[in-house]
Amino acid sequence: MRRPSVVVAVLIFSAFLFPGFAPQQQSGEMAGYSAQDAQTERGWESKFQAIPKPENARNYLERLSAHPHAVGQPYDKDNAEWLASQFKSWGLDSHVENFYVLMPWPKERVVEMVEPTRFTLKLQEPPVPGDPTSNQQNEQLPTFNAYSIDGDVTAPLVYVNYGVPADYEELERLGVNVKGAIAIARYGGSWRGIKPKLAAEHGAVGCIIYSDPRDDGYFDGDTFPKGPYRPRDGVQRGSVADMPVYSGDPLTPGVGATDPNRKIPDLHTVPVITKIPVLPISYADAEPLLRSLTGPMAPQRMRGALGLPYHIGPGATKVHMKLAFDWKIRTLYDVITRIPGSEYPDEWIVRGNHHDGWVNGADDPLSGQIAEMEELRAYGELLKQGWKPKRTIIYASWDGEEPGLLGSTEWAETHAAELQQKAVMYVNSDSNTRGFLGMSGSHTLEPFINSIARDITDPETNITAWQRAQALRISRGSGGGGAPIAEDGDQSVAEQRREARSRHDLRIGALGSGSDYTPFLQHLGIASLNLGYGGEANSGGVYHSIYDDFYWYTHFGDTTFAYARTLAQTVGTAVMRMADADLLPFDFASLADTLKMYVTQLKALDRTTRQQIEESNRELQDGVYRAVNDPQHPTTPPKEQAAAPGQALDFSALDAAVDQLNRAAQRYQQAVAAHNGAMNGASARQVNALLIQSERKLLLDSGLPNRPWYKHQIYAPGFYTGYGVKTIPAVREAIEQKEWQQAQENIGKVAGVIQAEAQLAEQAANAMQ
């Protein structure tokens, strides 16, 4: 997202002119608390928020990012041990928990053009003068994609744009396919692991992924070190494991990786390892390859910003790729810190951020880790002053997030039974820069996290983080920190603006994947949040490169570390408030409202998909494609598609289930109101026990079609999008794949979990009475 300097100035000025942006006064009410307890809680929260210091965050970042610290490197272990020692020095119970995972490092990397001329790619990021850690080349892992299979292939080169399904449809129209070829795709449009997955499904024998300057380079602004964007030799490392199937150690899905001595099976039997070799490169290395291509010109939407004609191929250009990896079991170092609960010790609030990076990792992930550190330091100070959380608080500094959410997944799988019994909420953060609060997560937590945002002051504007997020949505129609607030753009900008002005709470985004909330929410059914600030400092240009370091962050990121403090205040307050509430502040009405929106979107998707099939087939029958085809630049008409069933999908079961949940939600709200929003004693314990299980009701033991590890029926990463969320995925993806019978069957299954949620809400309302 581009830096919004002008917009920000307008919004600051608006704070003084329009009541919608006027600073809000804290109300005495706090969901889950009596009036007296709310006053006490606000006192502790105020003390907590005064403790985090930007200068501490800066010092932590300088120390943690001083050397590369990928999984298996010495400084990764060193950082984990240092974190644990810091937490202990603050009077906290902290330890390192080890897991043993498959984590390959590259042994050999060769990419060369062999026809029509010879050119060997550098595959190297050079140091930058003035950036002291960019020259640590003896410590930096080479540029690579984790969990690429070994391979040695020579084949024609074909440009596939982002390498997503729509691009392959376009290639088919142009008469081009990648069977037997090496696909070269640019980063963007989907999570990187989708690119080799789709290339292999279309018959490619290898895949190269490059960073085009249109997406995170000079097209957006000055490149590093003059500006924040990716320089010509910058490379984006990253995992290409098929995480939409399962996250964590590739060898132990569903089970904690606790055995350091297990044998490694035939890699071709491991579902998440790529079927073809894949390697990332810079646009400096990509340019000669792309310039040599001939064949059809790529449509305008498929062109990048390099100064060359974007031909697709294939032609005379042939490329040789040779990759080999060491395929070793390496040790993870999760740092686990526990503050015992004084009244409800068997109810857990879990909070995490990862500490491993691809290289020095100042922005990703340490900008979030330093906020987590200040939260724990502040808790240590409060404990000395007499504060005791009612619930147990568990903080985690995860290892191995970058290769595939390894540390969080293995910890969650190892402790799954206890977590499903005790975990109330998981709160995640990752990268953090300047700007707007991004809020995504379980919609039962939507009013709760909105209440937190109303109590946090934005350091640049002195209005609340909530007001600034609201202003962004009115200005641009997007979520805070760039987070989408409707899946696949289904909610119009005008609708988002209208809601931002009129709805009591800002909608929070749904979670797909890409960070450590995945095993907690989508595998175990623990209500989760993902929080972070962003939108003003663009870190995409150095993402997963050697240039994501302390020098870059202190010049182009959160340069004053004010937002490190603000993230600590935001997340730490959320953890405290949930930990100390007598009645857990969950809300079923927000979930019901969101599900109604999702079902409306599904109906529209069903309708438009049918219309697209009908129109395409009609144009084929009427000869439209033939009539408009340019004989000098011919394209192939699309294939005739199987007609959709005559009747639209029957969504009545989903409608009825959502209505049932809405009625139960209203009844629960009335019961809470009758208790003035709070209660305690045995009745509170009974209600809380139900609320803890509310997210679990949205799971199916059988999981999603073709990926049983993902059990959540409302939120999941898309099978062909990766990080991007698919809401009600079993139905949505069946419609997208035109699997009509499966879609109808899955409507019934999802209706069943929503009915179970409604029944739990009814039970909670009865227990309140």
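Residues numbered from 1 in each chain as written. Predicted model: local features only at pLDDT ≥ 70, side-chain atom pairs only at ≥ 80, totals over all residues. Heavy atoms only, no water.

Things to note about the environment of Asp-356
As a reminder, the rule being used: Where helices and strands are cited, they refer to DSSP runs of H or I of at least four residues and of E of at least two residues respectively, numbered from the N terminus. Think of it in three bands: with a 1.4 Å probe and only protein chains considered, a residue is buried below 20% of the maximum accessible area for its type, exposed above 50%, and partly exposed in between. What qualifies as a polar contact is a pair of N or O atoms within 3.5 Å, subject to a donor-acceptor requirement within protein and to the restriction that residues adjacent in sequence count only when both atoms come from side chains.
Examined against the element boundaries, Asp-356 turns out to sit in the loop between strand E12 (344-354) and helix H9 (362-384). Judged by its relative accessible area of 0%, Asp-356 falls in the buried class. In sequence terms Asp-356 and Leu-366 are 10 residues apart; their C-alpha atoms lie 8.2 Å from each other. Reaching out from Asp-356, the side chain makes a polar contact with the backbone nitrogen of Glu-401 at a distance of 2.9 Å. For Asp-356, the side chain forms a polar contact with the main-chain nitrogen of Glu-402, separated by 3.1 Å.

A short note on the sheet that holds strand E14 (residues 423-428)
Worth spelling out the cut-off: Following DSSP output, two strands are said to pair if at least two bridges run between them. Only the stretch in contact is used when fitting a helix axis, every axis being a line fitted to C-alpha atoms; angles between N-to-C directions are given from 0 to 180 degrees. It only takes one pair of heavy atoms within 4.5 Å for two residues to be counted as in contact.
One open sheet accounts for seven strands, arranged E1-E11-E13-E12-E14-E16-E15; its pairing is mixed. Of all the strands in the sheet, the pair left with one neighbour each is strand E1 (93-102) and strand E15 (435-441). Ignoring strand direction, the axes of neighbouring strands in this sheet form an average angle of 20°. Alignment of E1 against strand E11 (residues 329-339), held across 10 bridges, turns out to be antiparallel. The residue bridging His-95 from the neighbouring strand is Ile-336, located in E11. Docked against the sheet, helix H4 (residues 74-89) engages E1, E11 and strand E13 (391-398), running at close to 10° with respect to E11. Packed on one face of the sheet, helix H14 (residues 465-476) meets E15 and strand E16 (528-535) and runs near 90° to E15.

Focus on the pattern of salt bridges
Should their charged atoms come close, side chains of opposite charge can pair. The test is simple: Should a side-chain nitrogen of Lys or Arg be within 4 Å of a carboxyl oxygen of Asp or Glu, the pair is scored as a salt bridge.
Tallying each qualifying case throughout the model produces 44 salt bridges. Between Arg-577 and Glu-45 there is a salt bridge whose closest N-O contact spans 2.6 Å. With a gap of 532 residues between them, Arg-577 in helix H18 (residues 562-580) and Glu-45 in helix H2 (residues 35-49) connect regions that are remote in the sequence. Relative accessible area serves as the criterion here: at 3%, Arg-577 is assigned to the buried category.

Quick look at unusual backbone geometry
Look at the link from Phe-224 to Pro-225: it is a cis peptide, with omega at 15°. Considering the arrangement of structural elements, one finds Pro-225 in the loop between helix H7 (213-216) and strand E8 (238-239). Look at Leu-123: it is not a glycine, yet its phi comes out positive at around 55°. With respect to the helices and strands, the residue Leu-123 is situated in the loop between strand E3 (119-120) and strand E4 (145-146).

Here we look at the packing of helix H3 (residues 54-64) against H9
Stated formally: Angle categories are assigned with fixed cut-offs, so that under 35 degrees is roughly parallel, over 145 is roughly antiparallel, 65 to 115 is roughly perpendicular, and the rest are oblique. Two helices cross in a left-handed way if the nearer one is turned anticlockwise from the farther one by less than a right angle. They cross in a right-handed way if the turn is clockwise. Throughout, the ten residues Ala, Val, Leu, Ile, Met, Phe, Trp, Tyr, Cys and Pro are labelled nonpolar, Asp, Glu, Lys and Arg are labelled charged, and all others, Gly among them, are labelled polar.
With their axes 9 Å apart at the nearest point, H3 and H9 run at an angle of 130° to one another. Judged by the inter-axis angle, H3 sits oblique to H9. As H3 packs across H9, the resulting crossing turns out to be right-handed. Here H3 contributes Asn-56, Ala-57, Tyr-60, Leu-61 and Leu-64 to the contact with H9, which in turn contributes Ala-362, Leu-366, Ser-367, Gln-369, Ile-370, Met-373, Glu-374 and Arg-377. Looking at the contact of H3 with H9 residue by residue, the class counts come to eight nonpolar, three polar and two charged.

Considering the environment of Arg-565
Tracing the sequence through the fold places Arg-565 in helix H18. What makes Arg-565 partly exposed here is its relative accessible area of 29%. Taking the C-alpha atoms as reference, Arg-565 lies 6.3 Å from Ala-371; in sequence the two are 194 residues apart. In this structure Arg-565 touches Pro-52, Pro-54 and Pro-459, once residues within four positions along its chain are discounted.

Notes on the layout of surface pockets
Short version of the rule: For each structure, a 1 Å grid was placed over the protein atoms alone; sets of points admitting a 1.4 Å probe that cannot get out are labelled cavities, open sets with protein on both sides within 12 Å along at least five of seven lines are labelled pockets, and lining residues have an atom within 4 Å of a point. Grid points are joined across faces, edges and corners, and a volume is the space filled by probe spheres set on the points.
The calculated volume of the second largest pocket comes to roughly 1,700 Å³. Those elements giving two or more residues to the lining of the second largest pocket turn out to be helix H5 (165-173), helix H6 (194-201), helix H19 (588-621) and helix H23 (729-736). The class makeup of the residues in the lining of the second largest pocket is 19 nonpolar, 14 polar and 15 charged.

Section: the confidence of the model for the protein
In low-pLDDT regions, the fine details of the predicted coordinates are not to be read closely. Rules: pLDDT measures the predictor's confidence residue by residue and takes values from 0 up to 100.
Per-residue pLDDT for the protein has a mean of 93; in total, 94% of the residues score no lower than 70. Between residues 1-26, whose pLDDT stays under 50, and residues either more than four places distant or in other chains, the model counts 45 contacts. Overall, residues 480-489 carries pLDDT values under 50, and its contacts beyond four positions in sequence, including any with other chains, amount to 34 contacts.

Observations regarding the pairing of strand E7 (residues 206-210)
How we decide: A clockwise course of the path from the first strand over the helix to the second, judged with the strands pointing away from the viewer, identifies a crossover as right-handed.
With five of five residues buried, E7 lies mostly within the body of the structure. Every second residue of E7 is oriented toward a common face, with Gly-206, Ile-208 and Tyr-210 on one face and Cys-207 and Ile-209 on the other, all of them buried. Judged from the five bridges that link them, strand E6 (residues 182-186) and E7 form a sheet pairing that is parallel. Paired with Ile-184 across the two strands is Ile-208, which belongs to E7. With H6 bridging E6 and its parallel neighbour E7, the resulting β-α-β unit is right-handed. Of the pairings in the sheet, the one linking E7 to strand E9 (residues 278-281) comprises four bridges and is parallel in character. Looking at the pairing, Ile-208 lines up with Leu-279 of E9.

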